[in-house]
Structure formats: structure tokens, C-alpha cells
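# Geometric and topological summary
Listed below are the residues making up each chain.
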Amino acid sequence: MPSAETLERFIARVEENAHAEAVEEFYAPNASLQENQEAPRVGRDAAVARERAMLAKASSISSTCVRPVFVNGDRVVIRWIFHFEWTDGTATHMEELAYQRWEGERIAEETFFYDPAQRVPVKSKL
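In this text the structure is predicted, and so the values were computed from the model without any measurement. (Residues numbered from 1 in each chain as written. Predicted model: local features only at pLDDT ≥ 70, side-chain atom pairs only at ≥ 80, totals over all residues. Heavy atoms only, no water.)

### Let's talk about the pattern of salt bridges
Summed over the entire model, instances satisfying the criterion amount to 10 salt bridges. Glutamate 8 serves as the salt-bridge partner of arginine 67, at 2.8 Å between the closest nitrogen and oxygen. Here arginine 67, found in strand E3 (residues 58-72), pairs with glutamate 8, found in helix H1 (residues 4-15); they are 59 residues apart in sequence, far enough to count as distant. Its relative accessible area of 40% is what places glutamate 8 among the partly exposed residues. (Salt bridge = Lys/Arg side-chain N within 4 Å of Asp/Glu carboxyl O. Helix = DSSP H or I, 4+ residues; strand = E, 2+ residues; numbered from the N terminus. Buried < 20%, exposed > 50% of the residue type's maximum accessible area, 1.4 Å probe, protein only.)

What follows is the structure in C-alpha cells.
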């Protein structure tokens, strides 16, 4: 179960848009990440690489935790709102729930629940 301080530091890193760093700092080496009902992806290093590749395509990002955060033992649920402006002039606005299982101070499993239609970029309004 994460301490309240650890959970707040994790949220702060994501809200700073330090997504790859948050994965490096807070996920277990063999962490499992899953998008909706897709097959889980295993491994922190691979997750960091995916985050960096995604971030390289963005010209700006906004990441917001919508409180409250729900904690029950080693289970945590966080509601996130993300807005990505992509270098190709499109944008993606996503709202998701992240359902996490922590082992001590590290995330061991995480499943993201969201409407997949949100992943389709639209022409940016900027």
C-alpha cells in the first residue's frame, strides 16, 4: 500500500507532465500496464520507452488529476484528464480512470479505462 506522501508525489510528477520519469520512479520493474481490454504490457523499461516515444510527438501536454483519489489498501483509482497538442497540428483530449495495484511504494499493475474514441486526434483549435 502506498503512503499518502508517495501517492501525492506520483500525482505531482504526472501533473508536471513528467510521464516517463513517473514511470521510472513509481512503477515496479515488472509492472503490468493494460489499456481497457487489450493485452497487458509488462515491464517498466518498455513502459518508459513508450512514454518517451509518445511525448516526442507532442508539442504540449496538460495532465490533471481530478480528485478525490480513491485508496483501499493496495488499490488506488485516479481520474485523469489529459490534453495533447501534437506536432502534426492535431490534438487529443482524454479522460480516463487508472485502476492501480501497488506493492509497497511501487505500482505493480495498472489498467486504464477510457472511451477509445478519445484516442483519435482531431484538428487542433490552437
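There's plenty left to go through after this.
### Side note on the packing of aromatic side chains
A full pass over the atoms with the stated rule returns seven aromatic pairs. Here the aromatic rings of phenylalanine 10 and phenylalanine 26 are separated by 5.6 Å at their centres, their planes lie at 70 degrees, and the arrangement is edge-to-face. Taken as a pair, phenylalanine 10 in helix H1 and phenylalanine 26 in helix H2 (residues 19-26) lie far apart in primary sequence, 16 residues in all. Phenylalanine 10 gets classed as buried once you look at its relative accessible area, which sits at 2%. Here the aromatic rings of phenylalanine 10 and tryptophan 80 are separated by 6.4 Å at their centres, their planes lie at 80 degrees, and the arrangement is edge-to-face. Here the residue phenylalanine 10 occupies a position in helix H1, and tryptophan 80 occupies one in strand E4 (residues 75-86), the gap between them amounting to 70 residues. In this structure an aromatic cluster arises from ring pairing among Phe10, Phe26, Tyr27, Trp80, Phe82, Phe84, Trp86 and Trp102. (Phe/Tyr/Trp six-rings, centres within 6.5 Å; stacked < 30°, edge-to-face > 60°.)

### What to know about the pairing of strand E1 (residues 27-35)
Working note: regular strand, side chains alternate between the two faces of the sheet. Judged by how many residues are buried, E1 sits mostly within the fold: seven of nine residues are covered. Pairing analysis gives two bridges linking E1 to strand E2 (residues 41-42), with the strands arranged antiparallel. Paired with leucine 33 across the strands is arginine 41, a residue of E2. Hairpin connection of E1 to E2: five residues between the antiparallel strands, including asparagine 36 at a positive phi of 45 degrees. (Pairing = 2+ DSSP bridges.)

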